[in-house]
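This is what each chain is made of:
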Amino acid sequence: MEKKNKKKKRTWILITAGMVLAGIVAAGSIYSHFGGFGTGPCADTTEFAQYAEQVEDLKIPEKTKIVALGEASHGNAEFQQLKLSVFQNLVENAGIRAFALEGDYGGCEYVNRYIHGGEGTAEQAAAAIGFAIYRTDEMADLISYMRKYNETAKDGDDLRFYGFDMQRWSYNLQYLIEACEKAGIDVTELKKLEDTEEQHSEYDVEQQSRVITEIKEELQKSDVKDIVQADHLADTLLQNISLGKVINSAVEGNVLRDQLMAENVLWILSMEEQRGNSCIFISGHNGHIERFGNYGAGTRVMGNILSDELGDGYFAIGTDFYKTNCNLPKNDGKRITHTFYSYDPLAKAAKKAGYDMSWLDFSKVPENSQLKEQITDHVSMGSLGEGYSAIFMGLFPRSYRTSQSPEKLYDGMIFVTDARPIEIREEISEK
């Protein structure tokens, strides 16, 4: 009898332990899926619905010089679609004629040539930008819209496509060589920097800098009237070299990149102002375009720099999701899709109010409202870049969220309730 009782007791202990373990596994699974035990708090739904608008109703202040559209992730179709819908709105209603992307100047110049009648396809033009996240139907749609617009545009009313990043090499070098040849400048040494392993290894970074700097000097001495673009191509290559020296330092590399991107955006603005256009549209990750952000004490992200430079002339539009099924690369380079929740109370209010997508202009929210308190307080917002770690992101939801005052970062936000993953096309030849 005693043996039976002991056996029965052990059985119950094992069952209880199993149930506890199963409960822990279930709780861990729930926590990992939602980034917590639930989907987070919710802002006042009634007030949100009172002040939220459709994206097509978005308007910018008259004195705006730069409209910046952020994206909460690089891997969702809706945030890429917004590039076209917001830009088209600004073209038709605000007279904006320039689109600038978080992509390299040279690759984006390929796109610019295509939308002005160049050969190839919109898909090939998108591939020339150089980043996998832009090899999508959504980016091809944007490029096709710009080309079609230009087919009937009057002189000086055409749309232009720019890039303000500097992480790629080949198209910047190709177009610099082309410009120098037209100017009658010897490009023998410059061609040795072409992006092939055998040729690129002939020069270290200091020698590369010397060659490009000497080309800049030759351009300045040449009789060519318009060397502005060639000079900027050379500058972009020098930026690439400078960034390469610190790219392995997460903080120093990010700080320098954002500083250089801000300089490039201001250069693009100056080019458009010379054409008689006082405002440009730019697009990049939320973390780059926000008005108040840094990588540590004494540093600023691109949007912070631009906001300090232009004041109210900088209009920042943030984005967020309630739920996203996002396309992300793993450490081995293979891409997967994974579900995340932002825990953003504003995005949750948008969902509960019945919006698939909505625009909230913070300036229209009254000071004495509960919603005003919720856009000024620190809240959780989704922030996904190009990277995925199942263990790290599962255990630490803060790795894909940021906690800040939305009103401090942006002038308004667009909320997507259920964001779908981008579908990346296979590598194709851009030429």
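Structure shown above.
Conventions used here
- Residues numbered from 1 in each chain as written.
- Predicted model: local features only at pLDDT ≥ 70, side-chain atom pairs only at ≥ 80, totals over all residues.
- Heavy atoms only, no water.
- Buried < 20%, exposed > 50% of the residue type's maximum accessible area, 1.4 Å probe, protein only.
- Helix = DSSP H or I, 4+ residues; strand = E, 2+ residues; numbered from the N terminus.
- Pairing = 2+ DSSP bridges.
- Expected span 1.5 Å × (residues − 1).
- Contact = heavy atoms within 4.5 Å.
- Phe/Tyr/Trp six-rings, centres within 6.5 Å; stacked < 30°, edge-to-face > 60°.
- Axes fitted to C-alpha atoms, helices over the stretch in contact; angles between N-to-C directions.
- Parallel < 35°, antiparallel > 145°, perpendicular 65-115°, else oblique.
- Left-handed = near helix turned anticlockwise from the far one by under 90°.
- Salt bridge = Lys/Arg side-chain N within 4 Å of Asp/Glu carboxyl O.
- Arc of directions from axis to C-beta.
- Polar contact = N/O pair within 3.5 Å; in protein donor to acceptor, adjacent residues only side chain to side chain.
- Lys, Arg positive; Asp, Glu negative; His and termini not counted.
- 1 Å grid on protein atoms, 1.4 Å probe; cavity = no way out; pocket = protein on both sides within 12 Å on 5 of 7 lines; lining within 4 Å.
- Points joined across faces, edges and corners; volume = space filled by probe spheres on them.
- Nonpolar A, V, L, I, M, F, W, Y, C, P; charged D, E, K, R; others polar.
- Patch = residues over 30% accessible without salt bridge, like charges linked within 9 Å, V, L, I, M, F, W, Y side chains within 5 Å.
- Areas by Shrake-Rupley, 256 points an atom, 1.4 Å probe, with all protein chains shown as cover.

(A) Structural detail: the pairing of strand β8 (residues 379-382). Going residue by residue along β8, you find Val379 and Met381 tucked away on one face and Ser380 and Gly382 tucked away on the opposite face as well. Here four bridges tie β8 to strand β9 (residues 401-404), and the two strands are oriented antiparallel to one another. When the bridges of β9 are listed, Gly382 appears paired with Arg401.

(B) Helix α7 (residues 170-182), seen in detail. The terminal C-alpha atoms of α7 lie 19 Å apart, and with 13 residues this matches the ideal 18 Å at 1.5 Å per residue to within 8%. Buried-residue contacts for α7 involve β2 (98-104), α4 (105-115), α5 (122-128), α8 (188-191), α10 (205-221) and α11 (228-246).

(C) Structural view of the packing of aromatic side chains. Within the structure shown, the criterion is met by 16 aromatic pairs. Their ring planes at 65 degrees and their centres at 5.8 Å tell us that Phe48 and Phe415 sit as a pair that is edge-to-face. With Phe48 in helix α2 (residues 45-51) and Phe415 in strand β10 (residues 412-419), this pair connects stretches of sequence that are 367 residues apart. The pair formed by Phe48 and Phe415 is uniform in burial state, with each residue classed as buried.

(D) Structural detail: the packing of helix α12 (residues 250-274) against helix α14 (residues 302-310). Where α12 contacts α14, the axes come no closer than 8 Å and their chain directions differ by 45 degrees. As judged from the angle between their axes, α12 and α14 are oblique. Seen along the crossing, α12 lies across α14 with a hand that is right-handed. Mapping the contact onto sequence places Asp258, Gln259, Met261, Ala262, Val265, Leu266 and Leu269 in α12 and Met302, Ile305, Leu306, Glu309 and Leu310 in α14.

(E) Examining the pattern of salt bridges more closely. The final tally for this structure, using the stated rule, is 26 salt bridges. Put simply, Arg160 and Asp158 hold a salt bridge, and the shortest N to O gap is 3.4 Å. By relative accessible area, which is 13% here, Asp158 ends up buried. What you see here is one network of salt bridges that share partners, running through Asp158, Arg160, Glu272 and Arg275.

(F) Region of interest: α10. The terminal C-alpha atoms of α10 lie 25 Å apart, and with 17 residues this matches the ideal 24 Å at 1.5 Å per residue to within 8%. Within the span of α10, buried status applies to Gln208, Ser209, Val211, Ile212, Ile215, Lys216 and Leu219. Mapping the buried residues of α10 onto a view down its axis gives an arc of 160 degrees, with all of them on the same face. Facing away from the buried side of α10 by more than 90 degrees, the exposed set consists of Gln220 and Lys221. The opening residue of α10, the one whose side-chain oxygen lies 3.1 Å from the backbone nitrogen of Glu206, is Asp204.

(G) Layout of the side chain of Arg147. Here Arg147 shows up in helix α6 (residues 137-152). No salt bridge is formed by the buried Arg147; its nearest oppositely charged neighbour, Glu151, is found at 4.1 Å. At a separation of 2.8 Å, a polar atom in the side chain of Arg147 contacts the main-chain carbonyl oxygen of Tyr114.

(H) Looking closely at unusual backbone geometry. The residue Tyr343 is not glycine, and still its phi comes out positive at about 65 degrees. In this structure, Tyr343 sits in the loop between β6 (335-341) and α15 (345-352).

(I) Quick peek at the layout of surface pockets. Of the pockets and cavities examined, the largest pocket occupies roughly 560 Å³. Tyr105, Asp226, Val228, Gln229 and Ala230 are the residues nearest the centre of the largest pocket, which is lined by 24 residues in total. Those elements giving two or more residues to the lining of the largest pocket turn out to be α4, β3 (160-165), α7, α11 and α12. Of the residues assigned to the lining of the largest pocket, the class counts are 14 nonpolar, three polar and seven charged. Around the second largest pocket, the lining is made up of 16 residues, and of these Glu290, Phe292, Gly293, Asn294 and Thr402 lie nearest the centre. Every element with two or more residues in the lining of the second largest pocket is listed here: α13 (286-289), β8 and β9. Split into classes, the residues belonging to the lining of the second largest pocket amount to six nonpolar, nine polar and one charged.

(J) Highlighting the pairing of β10. Counting buried positions along β10 gives seven out of eight residues, so the element sits mostly inside the fold. Looking at chain direction, strand β5 (residues 314-329) and β10 are connected through seven bridges and run parallel. Directly across from Gly318, in β10, lies its bridge partner Met413. With five bridges connecting them, strand β7 (residues 357-361) and β10 associate as antiparallel partners. When the sheet's bridge partners are listed, Leu360 is paired in β10 with Met413.

(K) Fine view of the side chain of Asn112. With respect to the helices, strands and loops of the structure, Asn112 is situated in helix α4. With relative accessibility at 13%, the residue Asn112 sits in the buried group. Beyond its immediate stretch of four places on either side in the chain, Asn112 contacts Leu159, Arg160 and Phe161.

(L) Region of interest: a nonpolar patch on the surface. A cluster of nonpolar residues, Ile391, Phe392, Leu395 and Phe396, forms a patch on the protein surface that exposes about 450 Å² of accessible area. Checked against the element boundaries, Phe392 lands in helix α17 (residues 390-395). Judged by relative accessible area, which is 46%, Phe392 ranks as partly exposed.

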